[in-house]
Protein chains: 2
Amino acid sequence: MTTAQLIEQIYIKKSFLCIGLDVDLNKIPKHLLQTEDPIFEFNKSIIDATHDLCISYKPNTAFYEAYGLKGWQSLQKTIDYINTNYPEIFTIADAKRGDIGNTSSMYAKAFLEDLNFDSVTVAPYMGKDSVEPFLAFENKHTILLALTSNEGAFDFQTKLSGETEIYKHVLETSKTWKNSQNLMYVVGATKAEYFTEIRKIVPDSFLLVPGVGAQGGSLQEVCKYGLNANVGLLINSSRGIIYASNESDFAAKAREEALKLQKEMEEILKTK
Amino acid sequence: MTTAQLIEQIYIKKSFLCIGLDVDLNKIPKHLLQTEDPIFEFNKSIIDATHDLCISYKPNTAFYEAYGLKGWQSLQKTIDYINTNYPEIFTIADAKRGDIGNTSSMYAKAFLEDLNFDSVTVAPYMGKDSVEPFLAFENKHTILLALTSNEGAFDFQTKLSGETEIYKHVLETSKTWKNSQNLMYVVGATKAEYFTEIRKIVPDSFLLVPGVGAQGGSLQEVCKYGLNANVGLLINSSRGIIYASNESDFAAKAREEALKLQKEMEEILKTK
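Residues numbered from 1 in each chain as written. Chains lettered and ligands numbered in written order. Predicted model: local features only at pLDDT ≥ 70, side-chain atom pairs only at ≥ 80, totals over all residues. Heavy atoms only, no water.

For chain A, an unreviewed UniProt entry supplies the name Orotidine-5'-phosphate decarboxylase and the organism Flavobacterium azooxidireducens. The record in UniProt for chain A states the following under Catalytic activity (unreviewed entry): "orotidine 5'-phosphate + H(+) = UMP + CO2". Quoted verbatim from the Pathway (unreviewed entry) field of UniProt, the annotation for chain A is "Pyrimidine metabolism; UMP biosynthesis via de novo pathway; UMP from orotate: step 2/2." (UniProt positions renumbered as here; feature names shortened; annotations may be inferred.)

Here it is, written out as structure tokens:
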């Protein structure tokens, strides 16, 4: 999917919501555990109930790998289901990969080609040659960790190097990499005041923003400082939507929660 | 496996060699492609031919994920084969994972519990709460990226913060984390002169050293600066050993290459 197509979808759906498909078998409705593939059945129901309210789904690979072969199969069925039934959806493999060049190429192939995700999250610690193999795929996107939403973000990301924090060096440096037009960035919602600074460095880039909801971030605050002319934000919510209920009404309740966020986003887009 | 058991194995085998099982179907002998599971057949032959010369095997997960479900199955069969037949081997899942706390827990469970690796490599960018879930497993080890062997290492890892490089902050800070006795570190061999500095910060820790061989690092140089009282080094070689030949003699040739390194290590241990 091109960035232009993503922006078009945002205006069609009046939403820049991304739903995180982080499926934990301990948290899904009990009746699904009797099915052959509970993870996929859960995802399918959530997707069917919310696809018109969001522009993106983001399965975090950890939740699939934790169930071994069966989990990997559920991930494959989930991405195939989205690509077949809702090709207008922007898909994100939240994998946070990164390795030396020839190895990163293998990860890139796995997520962007074989599984056919539109994008994949990547960790920056190993630098340029660990990220560029992901950037080489046309009309695919690499979402680089910049400032994450967890406490540990303050261990290294916000450390000053010269007069500039490391996460800003990541933003600055990444702009010089080959095919950097395919970059987006992860920026946690729990630190809305940082968005002003970040927008000075990457005014035009899309930012994937986790941390709204369960992790305590505010949608209004993030939009106040983070929106750009093309919206430029993908706001993720996972637990707040997919675990709104663990009874048989889980899909309907997930829709209700997604609808609240979509309505809030529609208002924000109107006043923009 | 405990650290004491690992050290014991090093002295029994007179080796601190780790063999990287980075299997690329384009590089293995053609006759294996006719078998049902070429990746596993290749690994099995390499392992049977070299297990007495090395103390560790390190599959890089990228090479398995690149083949989807079948690849994941090959990884599972490989680790099961090692654990069943050669339980004295220290196994490393070279996965370079790291995410927010509850998500890192899922990765830790996948690699250290379900697949039952002795250790897993982890990226430090997201800080303390992204690494501690891995450290919580008893007699398991978390191998944190400190200074990697690629060009991109100079993008952020060697940036100065105050008077200290970021990778040294990673080493220093990680020592304060809960269960830090379960930490080891990745330090690339292509920068032997850095080992003196690193040993000042982590004198007792094991260092996993990639970059000897194909990437140009020198075993002698690394040992000169990196060895400690308990050896404290796991030297990895991947391509130089496993792709020594792509004919039917590949396992015998891999043994020859592994033997060269083991003999060199035996000499180093003698003069230590």
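Here the narrative resumes.
(A) Structural view of the overall build of chain A. Of regular secondary structure, chain A possesses 12 helices and 10 strands. Taken over C-alpha atoms, the radius of gyration comes to 18 Å for chain A, in line with the 19 Å a tight globule of 272 residues would show. Judged by the C-alpha coordinates and their principal axes, chain A covers about 55 × 45 × 35 Å. Expressed as a percentage of the 272 residues in chain A, the buried residues total 63%. Within chain A, residue pairs in contact and separated by at least 24 positions form 74% of the contacts whose partners lie at least 6 positions apart. Accessible surface for chain A amounts to roughly 9800 Å². Of this, 49% is attributable to carbon and sulfur atoms. (Helix = DSSP H or I, 4+ residues; strand = E, 2+ residues; numbered from the N terminus. Rg over C-alpha atoms; globule rule 2.2 N^0.38 Å. Buried < 20%, exposed > 50% of the residue type's maximum accessible area, 1.4 Å probe, protein only. Contact = heavy atoms within 4.5 Å. Areas by Shrake-Rupley, 256 points an atom, 1.4 Å probe, with all protein chains shown as cover.)

(B) Representation of the relation of the copies chain B and chain A in the model. Screw-axis analysis of chain B against chain A gives a translation of 0.0 Å along the axis, an RMSD of 0.0 Å, and a rotation angle of 180°. As the rotation angle and translation indicate, the two copies are arranged about a two-fold axis. Ranked by how close their C-alpha atoms come to the rotation axis, the residues of chain B are headed by Ser-161 of chain B, at 2.2 Å. (Least-squares fit on C-alpha atoms with pLDDT ≥ 70 in both.)

(C) Expanded view of helix H6 (residues 128-135) of chain B. Residues and elements named next belong to chain B. When you tally the buried positions in H6, you get 6 out of 8 residues, the bulk of the element. The complete set of buried residues in H6 reads Ser-130, Val-131, Glu-132, Pro-133, Phe-134 and Leu-135. The inward-facing, buried residues of H6 abut strand E3 (90-97), helix H5 (101-114), strand E4 (119-122), strand E5 (141-147) and strand E8 (183-187).

(D) Here's a closer look at the nonpolar core. Membership of the largest hydrophobic core comes to 200 residues, with the highest contact counts inside it found for Phe-16 and Phe-111 of chain A together with Phe-16 and Phe-111 of chain B. Phe-111 of chain A has contacts with Thr-61, Trp-72, Ala-93, Ala-95, Arg-97, Asn-116, Phe-117 and Val-120 of chain A together with Glu-65 of chain B, leaving out every residue within four places of it along the chain. (Core = buried A, V, L, I, M, F, W, Y, C linked by side-chain atoms within 4.5 Å.)

(E) Structural view of the interface of chain B and chain A. The partner chain A presents 57 residues to the 57 residues of chain B that form the contact. Between chain B and chain A, the buried area comes to about 4700 Å², and carbon and sulfur atoms account for 62% of it. The tally of links between chain B and chain A comes to 4 salt bridges. Here chain B is connected to chain A by 28 residue pairs in polar contact (both at pLDDT 80 or more). Among the elements that make up the side of chain B that touches chain A, the one with the highest residue count is H5 of chain B (8 residues). Residues that form the side of chain B that touches chain A fall into these classes: 24 nonpolar, 20 polar and 13 charged. (Buried area = accessible area lost by both parts, 1.4 Å probe. Salt bridge = Lys/Arg side-chain N within 4 Å of Asp/Glu carboxyl O. Polar contact = N/O pair within 3.5 Å; in protein donor to acceptor, adjacent residues only side chain to side chain. Nonpolar A, V, L, I, M, F, W, Y, C, P; charged D, E, K, R; others polar.)

(F) Structural context of the packing of helix H8 (residues 166-174) of chain A against helix H9 (residues 194-201) of chain A. Residue and element names in this part refer to chain A. One can describe the packing of H8 onto H9 by two numbers: an axis separation of 10 Å at closest approach and a directional angle of 25°. When the axis of H8 is compared with that of H9, the two are roughly parallel. As for the relative orientation of H8 and H9, their crossing is right-handed in sense. Contact residues: Tyr-167, Lys-168, Leu-171 and Glu-172 in H8; Tyr-194, Glu-197, Ile-198 and Ile-201 in H9. When its residues are assigned to classes, the contact of H8 with H9 shows 5 nonpolar, no polar and 3 charged. (Axes fitted to C-alpha atoms, helices over the stretch in contact; angles between N-to-C directions. Parallel < 35°, antiparallel > 145°, perpendicular 65-115°, else oblique. Left-handed = near helix turned anticlockwise from the far one by under 90°.)

(G) Seen up close, the pairing of E3 of chain B. All names here are of chain B. When you tally the buried positions in E3, you get 8 out of 8 residues, the bulk of the element. Burial along E3 is two-sided: the face carrying Phe-90, Ile-92, Asp-94 and Lys-96 and the face carrying Thr-91, Ala-93, Ala-95 and Arg-97 are both buried. Where strand E2 (residues 56-58) meets E3, 2 bridges bridge the pair, whose relative direction is parallel. Paired with Tyr-57 across the strands is Thr-91, a residue of E3. Two elements, E3 and E4, share 3 bridges in a ladder whose sense is parallel. (Pairing = 2+ DSSP bridges.)

(H) Summary view of the environment of Lys-58 of chain A. Residue and element names in this part refer to chain A. As for its position among the elements, Lys-58 is in strand E2 (residues 56-58). Sequence separation of Lys-58 and Thr-121 is 63 residues, and the distance between their C-alpha atoms is 9.9 Å. With residues up to four places along the chain from it excluded, the contact list for Lys-58 reads Cys-18, Ile-19, Gly-20, Leu-21, Asp-22, Ile-92, Asp-94, Leu-208 and Asn-236.

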